[in-house]
Amino acid sequence: MPCIDWLGKNKIQSYSPPFHFLEKKYSVGNSENMIIHGDNLLALKSLLPQYENKIKCIYIDPPYNTGNENWIYNDNVSDPQFQKWLGKVVGKEGEDFTRHDKWLCMMYPRLKLLNKLLRDDGAIFISIDDNEQANLKLICDEIFGANNFVCNVIWEKKYSPQNDARWLSDSHDFILCYAKNKNNWRPNLLPRTEEMNARYKNPDNDPRGVWKASPLHAKSGSNTNSYIFPNGVKWTPPTGTFWRYSENSLKELYDDNRFYFGKDGKSVPQFKRFLTDVKQGVVSKTVWKFDEVGDNHTAKNELRNLKVVFDTPKPSTLIERILQLSTDKNSIVLDSFAGSGTTAHAVINLNAADGGTRKFILIELNDYAETITAERVRRVGGEFNFYELGEQLFDENDVFNKNVSLEKLFEYIYYSETRQEFKPTDEKNLLGVYEDTAYYYFDDALSWTTLAQIKTRANNYVIYAEVCNLSEDELVKYKITFKKFPEKLKKY
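Fair warning: this is a prediction, and the values are worked out from it, not measured in the lab.

Q: Kindly report on the nonpolar core, identifying the contributing residues and their values.
A: Ranked by internal contacts, the top residues of the largest apolar core, which has 70 residues, are L47, L111, L136, L334 and L489. Of all the elements, helix α4 (residues 99-117) adds the most residues to this core, at ten residues. Discounting chain neighbours no more than four positions away, the residues touching L136 are W103, M107, L111, I126, I128 and L176. Of all hydrophobic cores here, the second largest spans 34 residues; its members include V153, L190, L350 and A369.

Below you can see the structure in the form of structure tokens.
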């Protein structure tokens, strides 16, 4: 399989961002929806304990890297935050990287984390244009597997030509789609349109309802003879075609009144394919026209009506198409380049349309995460919890951060051990009980003194402490698994 290489790849592949906790700042309504303000690389890492292999649909609209964008990873911007990160990961050589090298360094670790968060029956959709489409395809082949590539959708973002275009007027963007596991993922059918259903008529008032004429002949087969129906009508397949049905089938279908011979009853027969016979849905094509899913103009009007200002929005109808194809009514949807919050808007619209309870998680780096992203969600009636990035679990020298609160530490340990949500207990050092195993944390030694503090009875115990003063025989006797803190903390 062809592989892509770029300056800094070897070091970026081995880079693991630090784990940060999320700090809830406020809630709007009562829901599990999340809007996170912060670097999406760190925010994605913070989601792993709770959401690894849980996300059904991911949509991202990353910077297109045109060379003119005002984003911190652009080669025209010497942003201290990016220079510090790039210097730490790849060293001084990062100063000479092209904008394509920088873009790939930015995207690769984020896509790796998104892959971890995606469910085995989930899919990711990525908007992009010609500047990085080829590079994006190759790194996605590497991360998600070339065998999991689904398609490259063409989205008609403009319907009018730009007469001032220097070469050709670009009228489309791409949306790359990958499944986590193509064997486990199938897109949903799209709803049938009124235009499609209008093609079905009922000229003979058949009690089975409306139908559409379907020919009796096919492009391949073996029988080209004429056939005489019981009503005396003689039918011969057109030159170069063959019988679609066998003689026995033709008789059975005739007896079932599945043929229409015109108003005079003597015309060339038409097979009646009833609307109830067809799939109650439509397979999506890979070209999405502006009049089906909206375009740039649609998106700007949508924000104008909401009195929200944003330079490069996507229409919510475009994201709704993605959600229709890739979610169930209770799916979790993630957008780690949230921008103006279009994905949340689309989730809210689709839930209202089909009674779903889809949940969204948005991540936005820029300061407008609250003034634009969250504000848009408010204005369309959405509920959410707003988060900021909090303390790191380990500092830059891999030393445990003692500023981490006990509740956050308990939450982290308990979820990493059980994949269950932590709920505070009445017992001081108890994290929780799961499958008859009690989980404890003591901030000193595991000794007979600390054992005396344990009130909960269970078949097994997992106890975190800095040292253990019990013997191996005593641990076995009391069914205790000792985990040295913080060395044995799971690192995501």
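Q: Just give me the short version of the sheet that holds strand β23 (residues 480-484), but keep the residues and values in it.
A: Strand order across the open sheet formed by four strands is β18-β19-β21-β23, with mixed pairing between neighbours. Looking along the sheet, the strands with just one partner apiece sit at the ends: β18 (430-434) and β23. The sheet shows a mean angle of 15° between the axes of neighbouring strands, direction not considered. Relative to strand β19 (residues 437-441), β18 runs antiparallel, the two sharing four bridges. For V433, the partnering residue across the bridge sits in β19 and is A438. The sheet strands contacting helix α13 (residues 406-418) are β18, β19, β21 (460-465) and β23, and the helix crosses β18 at an angle near 20°.

Q: An account of the packing of aromatic side chains is needed here, citing residue identities and associated values.
A: Considering all chains together, one arrives at 34 aromatic pairs under this definition. Summarising the aromatic geometry, the rings of F19 and Y412 are spaced 4.9 Å apart at their centres and angled 65° between planes, so their arrangement reads as edge-to-face. Highlighted residues: F19 in the loop between α1 (9-13) and β1 (20-28) and Y412 in helix α13, separated in sequence by 393 residues. Judged by its relative accessible area of 9%, F19 falls in the buried class. The buried category is assigned to Y412, whose relative accessible area is 2%. Centroid distance F125 to W185: 6.5 Å. Interplanar angle 70°. Geometry classified as edge-to-face. Pair noted here: F125 is in strand β4 (residues 118-128) and W185 is in the loop between β6 (172-179) and α6 (194-197), with a separation of 60 residues, a long-range link. Of note, K137 hangs over the ring of F149, and the distance from its end group to the ring centre comes to 4.2 Å. It is K491 that lies over the ring of F394; its NZ or CZ is 4.4 Å from the centre.

Q: Give a description of the pairing of strand β17 (residues 384-392) that names residues and reports values.
A: Direction of pairing for β1 relative to β17: antiparallel, over a ladder of seven bridges. The partner of L22 across the bridge, within β17, is L389. As paired strands, strand β2 (residues 34-37) and β17 are joined by four bridges and run parallel to one another. Pairing of M34 across the sheet is with N385, part of β17.

Q: Please give an account of the state of the cysteines that cites residues and values.
A: Using the criterion set out here, one finds zero disulfides in the structure. Here C3 stays unpaired: no disulfide links it, and the sulfur of C140, its closest cysteine neighbor, is 13 Å away. Look at C3 and you get exposed, because its relative accessible area is 56%. The closest cysteine sulfur to the non-disulfide-bonded C57 is located on C177, 8.5 Å from its own sulfur. Judged by relative accessible area, which is 0%, C57 ranks as buried.

Q: Break down the sheet that holds β2 for me, with residues and values.
A: Spatially, ten strands are ordered β1-β17-β2-β16-β15-β3-β4-β6-β5-β14 in an open sheet, and the strand pairing comes out mixed. Strands at the two margins of the open sheet, each flanked by one partner only, are β1 and β14 (287-288). By the bridge criterion, two bridges tie strand β5 (residues 149-156) to β14 in an arrangement that is parallel. Paired with I154 across the bridge in β14 is V287.

Q: Tell me about the packing of helix α10 (residues 316-326) against helix α11 (residues 342-354), residues and numbers included.
A: Relative to each other, α10 and α11 sit at 65°, their axes nearing to 8 Å. Judged by the twist between their axes, the crossing of α10 over α11 is right-handed. Between α10 and α11, the residues in contact are S316, I319, E320, L323 and Q324 and T342, T343, H345, A346, V347, N349 and L350, respectively.

Q: Help me get a handle on helix α5 (residues 133-145), residues and values and all.
A: All of the buried residues along α5 are Q133, N135, L136, I139, C140, D141, I143, F144 and G145. The secondary structure elements touched by the buried residues of α5 are α4, β4, β5 and β6.

Q: Pulling in residues and values, what's your account of a negative patch on the surface?
A: On the surface, D443, D444, E466 and E487 cluster together to form a negatively charged patch. Of note, D443 is situated in the loop between β19 and β20 (445-446). According to the relative accessible area criterion, D443 is exposed, its value standing at 52%.

Q: How would you sum up helix α9 (residues 296-306)? Please name residues and give values.
A: Three or more residues of α9 are buried, namely A299, E302, L303 and L306. The buried residues of α9 occupy an angular sector of 90° when projected down its axis, which confines them to one face. Exposed residues on α9 whose side chains face more than 90 degrees from its buried face are R304 and N305. Against the buried residues of α9 lie α10, α11 and α12 (368-379). Two or three places before H297, at the start of α9, stands the capping residue D295, its side-chain oxygen 3.2 Å from that residue's backbone nitrogen.

Q: Would you mind going over the pattern of salt bridges in detail, with residue names and values included?
A: A full pass over the atoms with the stated rule returns 25 salt bridges. Across the salt bridge formed by E142 and K9, the nearest N and O atoms sit 2.9 Å from each other. Residue E142 is found in helix α5, and its partner K9 is found in helix α1; the two are separated by 133 residues along the sequence. Of the residues examined, K9 reaches a relative accessible area of 9% and is grouped as buried. Ionic pairing is found between R258 and D277, a salt bridge with its closest N-O pair at 2.8 Å. A residue pair is termed long-range when its members are at least 10 positions apart, and R258 in the loop between α7 (247-255) and β12 (259-260) and D277 in the loop between β13 (270-274) and β14 qualify at 19 residues. In this structure R258 comes out as buried when scored by relative accessible area, which is 12%. Each of the salt bridges in this network shares a partner with another, and the network as a whole consists of D204, D206, R208, D256, R258, K272 and D277.

What counts, and where the lines are drawn
Along each chain, numbering runs from 1 in the same order as the chain's sequence is written. Side-chain atom pairs in this predicted model are given and counted only at pLDDT of 80 or more, local residue features only at pLDDT of at least 70, and totals for whole chains, interfaces and linings cover all residues. With hydrogens and water excluded, all non-hydrogen atoms of the structure serve as input to the side-chain values. We define a nonpolar core as any set of buried Ala, Val, Leu, Ile, Met, Phe, Trp, Tyr and Cys residues linked to one another through side-chain atoms lying within 4.5 Å. Each residue's exposure class comes from its accessible area (1.4 Å probe, protein chains only) as a fraction of the maximum for that residue type: buried when under 20%, exposed when over 50%, partly exposed otherwise. Strands here mean DSSP runs of E at least two residues long; helices mean DSSP runs of H or I at least four residues long; both are numbered from the N terminus. Note on definitions: a residue-residue contact is assigned when non-hydrogen atoms from the two residues lie within 4.5 Å. A pair of strands is considered paired only if DSSP assigns at least 2 bridges between the two. Only the stretch in contact is used when fitting a helix axis, every axis being a line fitted to C-alpha atoms; angles between N-to-C directions are given from 0 to 180 degrees. By convention, a stacked pair of Phe, Tyr or Trp rings (six-membered ring in the case of Trp) has centres within 6.5 Å and planes under 30 degrees apart, an edge-to-face pair has planes over 60 apart, and any other such pair is tilted. A ring is considered to have a charge above it if a Lys NZ or an Arg CZ atom is located within 6 Å of its centre and within 35 degrees of its normal. By disulfide we mean two sulfur atoms from cysteines, separated by a distance within 2.5 Å. Handedness of each helix crossing follows the sense of rotation of the near helix against the far helix: counterclockwise by less than a right angle gives left-handed, clockwise gives right-handed. Patches here are clusters of residues that have more than 30% relative accessible area and form no salt bridge, with a 9 Å joining cutoff for like charges and a 5 Å cutoff for nonpolar side chains (Val, Leu, Ile, Met, Phe, Trp, Tyr). For the accessible areas, the method is Shrake-Rupley and the probe is 1.4 Å, while residue cover comes only from the protein chains on display. Whenever Lys or Arg places a side-chain nitrogen within 4 Å of a carboxyl oxygen from Asp or Glu, that contact is recorded as a salt bridge. When charges are tallied, Lys and Arg are placed among the positive residues and Asp and Glu among the negative ones, while His and the ends of the chain are skipped. Lysine's charge is taken at NZ, arginine's at CZ, aspartate's at CG and glutamate's at CD. Taken from the helix axis, the directions to the C-beta atoms give the arc we talk about. Two N or O atoms form a polar contact when they lie within 3.5 Å of each other; inside protein one atom must be a possible hydrogen donor and the other a possible acceptor, and for residues adjacent in sequence the pair counts only when both atoms belong to side chains.

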